[in-house]
Amino acid sequence: MGRYIRQTTKGNWNPDQLKNAVEAVKKGKKIRACAKKYKIPESTLRRRMKENNLDSPIMGVSTTFTPEQERIIVEYLKNVSGWFRGLNSIQCRKIAFDTAEKLKIKHKFNKKQKIAGKDWFCGFLKRNPDFSIRKPDVQSNEQFQQFYKKELNKFYHDLNLIIEKYEFSPDRIYNVQETEIYTVKVKENTGDKSLNSEVSWERANRTSVACATNAVGSFVPPMFVFPFEDKMQLMKISVPEDAVVECNSNGNVNEEMHLIWLKHFAEMVNPTRSDPVLLILNPHNGHASIDAYEFCKANHIHVLTLSPHAAFQMQPLNATIFVPLKRAYYRECEAYMRNTGTKEIPVYKIADLFTKALDKTASIDKAIKGFKSTGIWPVNPLVLDIKKLNRCTKINIHSNAASDGNDSAGQRSSNSNSCDTSRTSSSSAEDIDTSESSDSSENSDQDSDLCENRYQTRTRCQKKRKYNC
């Protein structure tokens, strides 16, 4: 056990001592004298000689997995950490729980939280010294920029390698991204200092939508995740053609929902051994599951994750699709409330309204421009400006830290993508849409100044709230 301190001397002998004692007995010496000489219990020496067993003593409770199974888990964790650019201890413990459940191994893990214990994980790290969980070092601004550049170069290097190896055409390169939608009606009064919006639901009752497109502008029908406990409520929802509607307790795309979307994606795209697909996604916690890994491996779906420090800015869907899509969706919500004379939008109308907005805004040109502006297709690492992304990333980090102060730890991990979308989507998408490689030097300075001013303004507001001035 990781935190257990041993308090007994039982089993303090090694296999060499046992081997010498057995050889001495075979030469004619008495067992009791040999046991006393080599500090091995007499009963143990008699039993080991009878069983012809010269292995090391095994003390305590047996491990959940065999050494062979643990080596398989270590290899899997290494592969998945390459996908998601590093795993934390909680993700590793969840993967261990999923593995034990799938292999139907008897275990004492927490079945309510679906996670392995800390003691098991400490012992797992000691038994497998070639696998470790490391904490990142604190770096200065210049060091961070160099690291940032190195991460981006690694992503584009991996992208080039996988495209050349499997000869992916642009119609087989897909990007998937989840976003959150609400039913919103804006109220604006002349002379007010603030602008408020009225939502039909509480913010906890959000609906998540998973959208995907490829580099030639072909869109996969979306998947909607509603915050319902009972699946019978889904019967009331008008489901668009070929779309998928699911539900869970919080409306988030977790490991289970991501696996359902992968099955929907495979059915729509039909990847084969001779014609596989490349799926580019962000390093989200909900994407790291052993079931998703095995499904992608069995169905010829090659996964490449974006750099965790620039996942938002490098998403083609975020670059050109989501900003006009959400504006069109809110216009559809306002038109529905205006035409029906209601103040609330029924839950069963959300998927229909969102699909109408998607049909109006999702165009081939925008999808192609999104892949081109992020340098994914054609592959061009020089499209993104490191300084601009670095400063915008600082804004995202500070704004998320300020907003997450009132949320729970579970909400912080599941809502990180939505915070980025709501705060920086309009500025970053418009910048990427209007910037080209030829005049990027001029625009990048203006964008950097804009990001810096927003960061300073947000910092001043935080200080005022802190001191109540």
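Here the structure is a predicted model, which is why all the values come from computation and not from measurement.

## Here's the deal with the confidence of the model for the protein
Phase 1 of the analysis: The predicted model of the protein averages 77 in pLDDT, with 71% of residues at 70 or higher.
Phase 2 of the analysis: Per-element confidence in the protein is highest for strand β7 (residues 277–281), whose mean pLDDT is 95, and lowest for helix α16 (residues 416–434), whose mean pLDDT is 34.
Phase 3 of the analysis: Confidence drops under a pLDDT of 50 for residues 185–190, and excluding neighbours within four residues, the segment shows eleven contacts in the predicted structure.
Phase 4 of the analysis: Confidence drops under pLDDT 50 across residues 391–469; counting only partners more than four residues distant or on other chains, this segment forms 74 contacts.

## Section: the packing of helix α5 (residues 89–102) against helix α6 (residues 118–127)
Phase 1 of the analysis: Interhelical geometry of α5 versus α6 gives an angle of 95° and a closest axis separation of 11 Å. In terms of orientation, α5 and α6 fall into the roughly perpendicular class. Note on element contacts: α6 touches α5 through Lys118, Trp120 and Phe121, opposite Ser89, Cys92, Arg93 and Ala96.
Phase 2 of the analysis: Residue classes in the contact of α5 with α6 are distributed as four nonpolar, one polar and two charged.

## Notes on the side chain of Arg93
Phase 1 of the analysis: With respect to the helices and strands, Arg93 occurs in helix α5.
Phase 2 of the analysis: Asp119 provides the closest opposite charge to the buried, salt-bridge-free Arg93, at an N-O distance of 9.3 Å.
Phase 3 of the analysis: Residues contacting Arg93, with those up to four places away along its chain left out, are Ile115, Ala116, Gly117, Lys118 and Phe121.

## Here's the deal with α6
Phase 1 of the analysis: Buried within α6 are the following residues: Trp120, Phe121, Gly123 and Phe124. For α6, the angular spread of the buried residues around the axis is 165°, confining them to a single face. With respect to the buried face of α6, the exposed residues turned more than 90 degrees away are Lys118 and Lys126.

Calculation rules
- Residues numbered from 1 in each chain as written.
- Predicted model: local features only at pLDDT ≥ 70, side-chain atom pairs only at ≥ 80, totals over all residues.
- Heavy atoms only, no water.
- pLDDT = per-residue confidence, 0-100.
- Helix = DSSP H or I, 4+ residues; strand = E, 2+ residues; numbered from the N terminus.
- Contact = heavy atoms within 4.5 Å.
- Axes fitted to C-alpha atoms, helices over the stretch in contact; angles between N-to-C directions.
- Parallel < 35°, antiparallel > 145°, perpendicular 65-115°, else oblique.
- Nonpolar A, V, L, I, M, F, W, Y, C, P; charged D, E, K, R; others polar.
- Buried < 20%, exposed > 50% of the residue type's maximum accessible area, 1.4 Å probe, protein only.
- Lys, Arg positive; Asp, Glu negative; His and termini not counted.
- Salt bridge = Lys/Arg side-chain N within 4 Å of Asp/Glu carboxyl O.
- Arc of directions from axis to C-beta.

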